[in-house]
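# Secondary and tertiary structure notes
This is what each chain is made of:
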Amino acid sequence: MTVNSTSFTVEIARAVDQVCSSLYTQMFQKVAREEPHYLSNEQRTILMYYPNEITWYKGNKREEIIERIRRTHLKWFNSWLSKQYTGLPPYIKWSSVMNDIMLHATNLFFRMDLDDVITSNDTRHAFQQITNTIKRILLNISKSNPTTIDPAIVPLVREFLLILFYFTLDSKLVIYLKSLQLVDLINVLIRKSNNDDEVHLQAYRILAVIMTEADIKQLQISNRITIVFITFIKKAIDGGVPYVARLHNSLRSLKVLTQHDQIREELIKQEGHSLFLRCALEDQFNPLKAKLPALEILLALVFHKEFATILKNNDTFMNHIRTLTSSSQQDLQLIATALIWKLEKEPETIIKTVQQQQQPSSISSLMIDKKQYDIMISYSHSDKTLCHRILSSLEKDQLCVWIDSRLMHGATFDVMAKAIENAEFVLVCMSDAYKQNPLCEMEASYAVKCQCHIISLVMTPKYKADGWLGVLTSALIYIDFPKLGFDKAYQELKKQIELFRIDNSSSTFAEQDEVHHNSSSLVDNTSEIVPSEENNEEPCSVLKYPHCIDMWTEDHVKSFLLDKELDAFLPILEGMNGKLLHQAYFMCQANQQGMFLSLKEDVNRSQHAILSLKDYLTFLEEIKIYIPFTANNSLNPISTVCNLI
């Protein structure tokens, strides 16, 4: 039979029947018990040849076959594993025969990189039980080997880590793996493995999926884990066909890992992007299993401004992704349009938005703008079941909702961006899968820049946002659907929408009155305002600064920050004079949430500190009395001194 056959032949039917018979179980346990140096022809056929035939069958009966095999074998396999291995010495080294039959069994029972999804709760529960058994054995191995793992047990460690890696390919199993707190255990196994390449590869591929931002910072392994991935991906690329599956799986895991800023910076620093460019540009790589994840990794990296410039100036790459915008593969088309948007269109769009916001507001412009959509749903397709249930309820309540699944001819990021711009609310549907997806990051970030009202929904049990998603939603209220239950959570969602609309309506009419009042009384106000001596008192350690911010020098800006005890802003505002600070203040007023996130990231990078919401709001409050007065900028009257000057 040929590799990747789609024909359900008599031979495949026979292979499935034999593998699901008691004969397979008996032979497997006999070989494991006796550890022979070679297999009989019958044993080789049952334990290796037939499993191999099934592994590479790609026909429409595959899902049914794999589910039947798992239903037959998972329970006894877990029982056998528990009895056969305790993880305690003495250890018996596996023979090459045992290595082979375990590898074939692992591929048959657990391999999910061949699109073998879990189709029943019983199977998922069985996988969870096997995970518990593996954890217990690995803990005993770690405790029994204080410095270096006994070489005799290393093959078992490799096989267990390979199984756990396959489990990371199922989003619900990932939640379970995280609940077991495996990060420290796996990191210890890496340290004790005597630099075993296979242990390192499987361990780091697991960590790539289950680590949090806090884990990466605490373990300080961003440099080490990046080196491992770059090394193995390069070997897989150079190794050709025999290493194709390894390349695909490594790219898949690294794509998840690039959700973390530290990893993005390390990949750029170590020039890993050259490998991803090869995968994206060269014809020999699989479009969906190599090219697509490589492009997704590059999309994650272009959030780094300097790297975005490098990629934008790569004419070969830019021409290639332009051709992909008309690809018949929808996923490739979407990622290509997202890259073009991020590198070329988004900067232009933001400039236009800022220019529009700089225009003085009129009474008519303050009227509530009716958007094309009430709601745009930003979500990961891993969470589509719950998202579509929310969608159905929203539409029953007569709300106009945009969701990408409605597109008939494929979604491009341009279409998604337009939906965000034309939506009153954006629902950010938070989960591990959402945070790991650079397209979701683009949607959420762009919604902030467009000043959409964002409502954060928790989609999976016990999910807690961190990293870029944690920063973006830090000032928002979460609606936790798994915790509250659907009905209660949905009512809370409707309540938040209604409350916002009431508040927005009230503030809009107040702004109309204020614009009318200020436009009629501007001359009188400006003629009466004189700064008091009391307001000008400054500590002797700083320079006195004028009341008009546009007259400030760089030293005045520094003095202002010191005077108001806003030291956290010093590194990120260094070199700014008053006019530049005035512009920064305007940007904050135009998009308070977006600028808070941006400044928060800058403070974290420059001094590894956290900019609190209190400090940010204090900064805005303290500076506003020094801002020139305009009709659309109704600030403390003392700022009108600038107008007189």
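As annotated in an unreviewed UniProt entry, the protein carries the name TIR domain-containing protein and is attributed to Rotaria sordida.

### Re the packing of helix α5 (residues 96-109) against helix α7 (residues 154-167)
Running from N to C, α5 and α7 point in directions that differ by 10°, and their axes come no closer than 11 Å. It follows from the interaxial angle that α5 and α7 lie roughly parallel. Note on element contacts: α7 touches α5 through Pro-155, Glu-159, Leu-162, Ile-163 and Tyr-166, opposite Asn-99, Met-102, Leu-103, Thr-106 and Asn-107. Residues belonging to the contact of α5 with α7 are distributed by class as follows: 6 nonpolar, 3 polar and 1 charged.

### Thoughts on unusual backbone geometry
Geometrically, the link from Pro-89 to Pro-90 is a cis peptide bond, its omega value of 5° lying close to zero. In this structure, Pro-90 sits in the loop between α4 (62-84) and α5.

### Comments concerning helix α21 (residues 413-421)
For α21, the set of buried residues is Phe-413, Met-416, Ala-417, Ala-419 and Ile-420. Buried positions in α21, seen along its axis, are confined to an arc of 160° and lie on one side of it.

### Section: the sheet that holds strand β1 (residues 373-378)
In space, the 5 strands of this open sheet follow the order β2-β1-β3-β4-β5, with parallel pairing throughout. Where the open sheet ends on each side, the last strands, each with one partner, are β2 (401-402) and β5 (478-480).

### Topic: the environment of Arg-389
Within the fold, Arg-389 resides in helix α20 (residues 384-396). In this structure Arg-389 comes out as partly exposed when scored by relative accessible area, which is 46%. Separated by 97 residues in the primary sequence, Arg-389 and Phe-486 have C-alpha atoms spaced 9.0 Å apart. Discounting chain neighbours no more than four positions away, the residues touching Arg-389 are Phe-486 and Asp-487.

### Description of the state of the cysteines
If you walk through the whole model with that rule in mind, you get 0 disulfides. Summary of cysteine pairing: Cys-387 is not part of a disulfide, and the nearest cysteine sulfur, belonging to Cys-429, is at 3.8 Å.

### Here we look at the pattern of salt bridges
Oppositely charged side chains may form a pair once their charged atoms are brought near each other. For the structure shown, the criterion picks out 25 salt bridges. A network of salt bridges, in which partner residues are shared, links Lys-234, Asp-238, Arg-278 and Glu-282.

### A look at helix α30 (residues 613-623)
Of all the residues in α30, the buried ones are Tyr-616, Phe-619, Leu-620 and Ile-623. One side of α30 carries all its buried residues, which in axial view fall inside an arc of 95°.

Cut-offs used in this document
- Residues numbered from 1 in each chain as written.
- Predicted model: local features only at pLDDT ≥ 70, side-chain atom pairs only at ≥ 80, totals over all residues.
- Heavy atoms only, no water.
- Axes fitted to C-alpha atoms, helices over the stretch in contact; angles between N-to-C directions.
- Helix = DSSP H or I, 4+ residues; strand = E, 2+ residues; numbered from the N terminus.
- Parallel < 35°, antiparallel > 145°, perpendicular 65-115°, else oblique.
- Contact = heavy atoms within 4.5 Å.
- Nonpolar A, V, L, I, M, F, W, Y, C, P; charged D, E, K, R; others polar.
- Buried < 20%, exposed > 50% of the residue type's maximum accessible area, 1.4 Å probe, protein only.
- Arc of directions from axis to C-beta.
- Pairing = 2+ DSSP bridges.
- Disulfide = S-S within 2.5 Å.
- Salt bridge = Lys/Arg side-chain N within 4 Å of Asp/Glu carboxyl O.

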